[in-house]
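Below are the chains, spelled out letter by letter.
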Amino acid sequence: MTRVAVIGAGAIGGTLAAWLAQTHEVIVCARTPLADLEIEAPEAVIRATPRILTDPAAATPVDWVLTTTKTYDCAAAAAWLPGLMGPGTRLAVIQNGVEQSERFPTVPAERTVPVIIDLPAERTAPGRIVQRRDGTILVPEGAAGEALVALFAGTVIDAQTTPDFATAAWRKLAINCSGIVSAITRRAAEVANDEGIAEVMRGLVRECIAVGRAEGATLPDKLADQVVEWTRKAHPDSVNSLHADFVAGRPMELDARNGVIVRLGEKHGIATPLNRALAAVLGAAVHP
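This is a predicted model, so every value here is computed, not measured.

### Remarks on the UniProt feature "domain: Ketopantoate reductase C-terminal" (unreviewed entry) in the chain
Turning to step 1, where the next piece is worked out: Residues annotated by UniProt as "domain: Ketopantoate reductase C-terminal" (unreviewed entry) correspond here to residues 164–284.
Turning to step 2, where the next piece is worked out: For residues 164–284, the end-to-end C-alpha separation is 36 Å, with 71% helix and 0% strand making up the annotated structure.

This is the structure:
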């Protein structure tokens, strides 16, 4: 049986751990103890009782490490790696943004798998998660990517390889960058039905498209309209992680979702005024 360690017990980590625990030996590396996991998935409620570790010193090597922490918690996640990583262990970096491959430099590149995930889920209490739909995973082609796809074969999550991971990552960032409007307005996905807000979302995505193309991604102009339509078709109560973190008073992934567009835009001489302005407004709301 494959041994899998999931670092992080939030909405994404908890959901992945619960599904993988149906067919694999799963360890959850968390800050605080959990009794079990219960996922309210679209078709059923699933439960799992993986082993829970709260001390990195207790970790032993596994076959796979899945890090699902927020990008601002990479240092805390890295503290688990010396114990979990053996000679053949692979690391899947399941995080927002377009810089997954660069976040854990101590792990050899050939054993690091950047992951793009689309899995709408919200944690309602420790170990209790509402999963809005089955979700998808995209990883680069190659042996490591194919091995990760195989890991999810027994779950409802559709994992696939892609020959153009850069485009997949920037396409996901186009969706994520527009989500800042929900955090600022404190409204769920239904906010996209407001045409004024929808036009702001399109502007954010157009900036992302311009920078993504400069970085080598293939992104169509129509993506701006598509992001608005996808958001409108989402569950009206669906809350993105930036919004959830802001309302809860937690740190936010502003840099990974919007700041990176500004930073890389500057590198290429591309103006990104909307992403810059809204990130500044939301940041100021947290740190007056």
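That shown, we press on.
### Some thoughts on the nonpolar core
Turning to step 1, where the next piece is worked out: In this structure, Trp170, Ile180, Val181, Val205, Ile261 and Leu282 are the most contacted members of the largest nonpolar core, which totals 37 residues.
Turning to step 2, where the next piece is worked out: The set of elements that each furnish at least two residues to this core consists of helix H5 (165–178), helix H6 (180–185), helix H7 (195–214), helix H8 (223–233), helix H9 (241–248), helix H10 (254–268) and helix H11 (273–286).
Turning to step 3, where the next piece is worked out: Among the elements that line this core, the one with the most residues is H7, at eight residues.
Turning to step 4, where the next piece is worked out: Those residues within four positions of Val205 in sequence are excluded, and the remaining contacts are Ala174, Cys177, Ser178, Leu223, Ala224 and Val227.
Turning to step 5, where the next piece is worked out: Within the second largest apolar cluster, 36 residues are counted, among which are Ile46, Ala121, Ile137 and Ala159.

### Observations regarding the sheet that holds strand E9 (residues 121–125)
Turning to step 1, where the next piece is worked out: Spatially, four strands are ordered E4-E3-E10-E9 in an open sheet, and the strand pairing comes out mixed. Strands at the two margins of the open sheet, each flanked by one partner only, are strand E4 (45–48) and E9. Between one strand and the next, the sheet's axes are offset by a mean angle of 20 degrees, whatever the strand orientation.
Turning to step 2, where the next piece is worked out: Sheet topology places strand E3 (residues 37–40) next to E4; four bridges connect them, and they run antiparallel. Across the sheet, residue Glu38 finds its bridge partner in E4, namely Arg47.

### A closer look at the pairing of strand E1 (residues 3–7)
Turning to step 1, where the next piece is worked out: Along E1, four of the five residues are buried, which leaves the element largely enclosed by surrounding structure.
Turning to step 2, where the next piece is worked out: Looking at chain direction, E1 and strand E2 (residues 25–29) are connected through five bridges and run parallel. Paired with Val6 across the strands is Val28, a residue of E2.
Turning to step 3, where the next piece is worked out: For the segment spanning E1, helix H1 (residues 11–20) and E2, crossover handedness is right-handed.

### What to know about the UniProt feature "domain: Ketopantoate reductase N-terminal" (unreviewed entry) in the chain
Turning to step 1, where the next piece is worked out: Sites flagged by UniProt as "domain: Ketopantoate reductase N-terminal" (unreviewed entry) map to residues 4–141.
Turning to step 2, where the next piece is worked out: For residues 4–141, the end-to-end C-alpha separation is 21 Å, with 14% helix and 41% strand making up the annotated structure.

### Considerations on the domain arrangement of the chain
Turning to step 1, where the next piece is worked out: One can read the domain layout of the chain as domain 1 (3–162) and domain 2 (165–285).
Turning to step 2, where the next piece is worked out: The C-alpha centroid of domain 2 is placed 24 Å from the C-alpha centroid of domain 1.
Turning to step 3, where the next piece is worked out: Between domain 1 and domain 2 lies a buried interface of about 1,700 Å² when both sides are counted; carbon and sulfur atoms form 58% of it.
Turning to step 4, where the next piece is worked out: Per-residue buried area on domain 1 facing domain 2 is highest for Tyr72, Asn96 and Val98; these three make up 33% of the total on that side.
Turning to step 5, where the next piece is worked out: A salt bridge links Asp245 to Lys70, with the nearest nitrogen and oxygen atoms 2.5 Å apart.
Turning to step 6, where the next piece is worked out: At the junction of domain 1 with domain 2, the criterion picks out eight residue pairs in polar contact (both at pLDDT 80 or more).
Turning to step 7, where the next piece is worked out: For the side of domain 1 that touches domain 2, the secondary structure elements donating two or more residues are strand E8 (112–118) and strand E11 (136–140).
Turning to step 8, where the next piece is worked out: Broken down by element, the residue count for the side of domain 1 that touches domain 2 peaks at five residues, all from E8.
Turning to step 9, where the next piece is worked out: Classifying every residue of the side of domain 1 that touches domain 2 by side-chain character gives 10 nonpolar, five polar and six charged.

Conventions and cut-offs
Residues numbered from 1 in each chain as written. Predicted model: local features only at pLDDT ≥ 70, side-chain atom pairs only at ≥ 80, totals over all residues. Heavy atoms only, no water. UniProt positions renumbered as here; feature names shortened; annotations may be inferred. Helix = DSSP H or I, 4+ residues; strand = E, 2+ residues; numbered from the N terminus. Core = buried A, V, L, I, M, F, W, Y, C linked by side-chain atoms within 4.5 Å. Buried < 20%, exposed > 50% of the residue type's maximum accessible area, 1.4 Å probe, protein only. Contact = heavy atoms within 4.5 Å. Pairing = 2+ DSSP bridges. Axes fitted to C-alpha atoms, helices over the stretch in contact; angles between N-to-C directions. Right-handed = clockwise from strand over helix to strand, strands pointing away. Domains from an automatic or database assignment. Buried area = accessible area lost by both parts, 1.4 Å probe. Salt bridge = Lys/Arg side-chain N within 4 Å of Asp/Glu carboxyl O. Polar contact = N/O pair within 3.5 Å; in protein donor to acceptor, adjacent residues only side chain to side chain. Nonpolar A, V, L, I, M, F, W, Y, C, P; charged D, E, K, R; others polar.

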